[in-house]
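Structural overview for review
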Amino acid sequence: MPPRTFISSRFATPADYILARDYCSYGYFLLAPNDWDPSTAAFRRVLSLASGAVTVRVSQPGANANIETGAPLEIYAEKKLNRDEWTQVHASLVRMLRLDEDAAVIGSFHKLDPRWAVKSRSSRSFNLKRSKSGPGRGRLMRSPTFFEDVIKTVTSCNVTWPSTVNMNRRLCEALGERTPTGGYAFPTAEKLARVNPATLRARCGVGYRDQRIVDLAKLFRTPASRGGIDPAWYENPATPDDEIYNALVELPGIGPYAAANIMQLLGRYARLPLDTESIRHAKNVLGMTGSDRDLMKRLQAHYAPFGPHAFRSYWFELWTFYESRQGPAWTWERETTAKAFTAAALKKVPMVDLS
DNA sequence: GGTAGACCTGGACGC
DNA sequence: GCGTCCAGGTCTACC
């Protein structure tokens, strides 16, 4: 029997918003404590509020594939929340779903790269007719906090995707606050800063990342005046890109790839987090040849015309390729899909024609 | 500034 | 079922 729930007032969404498409737009939607249910096109997750952890379920009744967009979200919580708590839930969802991203900025992206605008030719060529692709994709899912985005990025470095899935599940189960109905939150910086690295390694399978994760958590608990991390400085649009990048690569466990990835999670899309997947994409999809170093340079040049939207152009190409192999992302199951994204599986994919 | 090797986990493969 | 190989980005030592 499902737990008793309370419905909130509905949350408005931007006119172009489709939950199934825009929530399932980045791999983190498959990582705990995020829990997407393809059968109902809704997701559950435990949010850490000031008063404690609470499970919410988010759906978008009325949104129709390729037809109706911008329907309001319906939010259910497992317990009754007061106004302040609902405000915190709303703020978390706005960040996760990028509901506050300026439509004009997304419009400027579509002007630079019309492939992702309404009824684009490329959308059809990728056989997305059955997907909830809808008019103009541009928003990318992320975490409710900057801290979670940073730790998730560290767990995705130098590891295959199934291991990243396991690490995040075990982090939540071992160290996340538990709700009365058995859900787990993502561990807070306070919690991770107090964990012994050896314990983290043994219980969560994070390997050599143990010390780096604990050090990062401690930095999030340290005031900026004493050399700690100030999330507001990173989230501030007025902070220059170069300053953020230079600060990120100084952090433990954060190199060029992780820094560029965290920057796109901050809504700064000019830099490309290039990795071995990028090399595969360059060869299999873009038809490029040459050494890995050459391909990295050619990829940078290839996406340079998209300027401040370079990552979006790159990512939607990559994501659409994945959907061409596995079906629309909103149909993916977390556990069964994970193995489809191993390097071995993707290497078996033949050359793809993007024209 | 560039490069080689270590770091750790889990999937793939051979026996 | 077991052992071995390999993929993956960051860090450090070294040239």
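Everything that follows concerns the structure shown earlier in this document.
As a starting point, this report considers the structure included with it. On a predicted model such as this, the values are computed, not experimentally measured, just so you know.

**A word on the pattern of salt bridges**
This model, assessed by the stated rule, comprises 17 salt bridges. One salt bridge connects Glu 277 with Arg 280, and the closest N-O pair in it is separated by 2.8 Å. Of this pair, Glu 277 and Arg 280 both sit in helix H13 (residues 276-284), 3 residues apart, which is roughly one turn of the helix. In this structure, Glu 277 and Arg 280 share a single accessibility class: buried. Overlapping salt bridges bring together Arg 45, Glu 148 and Lys 152 as one network.

**A short note on the protein's contact with DNA strand B**
The local shell around DNA strand B consists of Asn 158, Ser 163, Arg 170, Arg 201, Gly 205, Gly 207, Tyr 208 and Arg 293. Here, DNA strand B places atoms within 4 Å of the protein, and 91% of those atoms are sugar or phosphate. Note that a sugar or linking oxygen of DNA strand B is positioned 3.3 Å from one of the side-chain N or O atoms of Ser 163. For DNA strand B, a phosphate oxygen lies 2.6 Å from a polar atom in the side chain of Arg 201. Among the residues forming the surface near DNA strand B, the class breakdown is 1 nonpolar, 4 polar and 3 charged.

**Overview of the layout of surface pockets**
If you add up the space inside the second largest pocket, you get close to 550 Å³. The wall of the second largest pocket is formed by 25 residues, among which Ser 48, Pro 144, Thr 145, Phe 147 and Thr 188 lie closest to the centre. Of all elements in the fold, only strand S3 (42-49), helix H2 (83-97), helix H5 (146-155), helix H7 (189-193) and helix H10 (231-235) reach the threshold of two or more residues within the lining of the second largest pocket. The element best represented in the lining of the second largest pocket is S3, accounting for 5 residues. The residue inventory of the lining of the second largest pocket, partitioned by class, reads 14 nonpolar, 5 polar and 6 charged.

**What about the packing of aromatic side chains?**
This model, assessed by the stated rule, comprises 23 aromatic pairs. Arranged with centres 5.8 Å apart and planes meeting at 50°, the rings of Trp 116 and Phe 316 form a pair that is tilted. Here Phe 316 lies in helix H15 (residues 310-326) and Trp 116 lies in the loop between helix H3 (103-112) and helix H4 (121-125), a separation of 200 residues in the sequence. Relative accessible area serves as the criterion here: at 2%, Trp 116 is assigned to the buried category. On the basis of relative accessibility, which here comes to 0%, the residue Phe 316 falls in the buried class. Seen from their ring centres, Phe 311 and Tyr 314 are 6.0 Å apart, and the 55° between their planes marks the pair as tilted.

**With respect to the protein's contact with DNA strand C**
Close to DNA strand C lie 16 residues; Asn 158, Gly 253, Ala 258, Asp 275 and Thr 276 are nearest. Ile 254 is positioned with one of its backbone polar atoms (N or O) 3.3 Å from a phosphate oxygen of DNA strand C. Between Ala 258 and DNA strand C, the recorded distance is 2.8 Å, taken from a backbone N or O atom to a phosphate oxygen. By residue number, the principal contributor to the surface near DNA strand C is helix H12 (residues 256-265), which donates 3 residues.

**Description of unusual backbone geometry**
Residues Ala 32 and Pro 33 are joined by a peptide bond in cis, for which omega reads 5°. Among the secondary structure elements, Pro 33 is positioned in the loop between helix H1 (19-23) and strand S2 (35-37). Although it is not a glycine, Ala 41 sits at a positive phi angle of roughly 50°. Positionally, Ala 41 belongs in the loop between S2 and S3. Judged by its relative accessible area of 16%, Ala 41 is buried. For Arg 98, which is not glycine, the phi torsion reads 55° and is therefore positive. Residue placement: Arg 98 occurs in the loop between H2 and H3.

What counts, and at which threshold
- Residues numbered from 1 in each chain as written.
- Chains lettered and ligands numbered in written order.
- Predicted model: local features only at pLDDT ≥ 70, side-chain atom pairs only at ≥ 80, totals over all residues.
- Heavy atoms only, no water.
- Salt bridge = Lys/Arg side-chain N within 4 Å of Asp/Glu carboxyl O.
- Helix = DSSP H or I, 4+ residues; strand = E, 2+ residues; numbered from the N terminus.
- Buried < 20%, exposed > 50% of the residue type's maximum accessible area, 1.4 Å probe, protein only.
- Near = heavy atom within 4 Å.
- Polar contact = N/O pair within 3.5 Å; in protein donor to acceptor, adjacent residues only side chain to side chain.
- Nonpolar A, V, L, I, M, F, W, Y, C, P; charged D, E, K, R; others polar.
- 1 Å grid on protein atoms, 1.4 Å probe; cavity = no way out; pocket = protein on both sides within 12 Å on 5 of 7 lines; lining within 4 Å.
- Points joined across faces, edges and corners; volume = space filled by probe spheres on them.
- Phe/Tyr/Trp six-rings, centres within 6.5 Å; stacked < 30°, edge-to-face > 60°.

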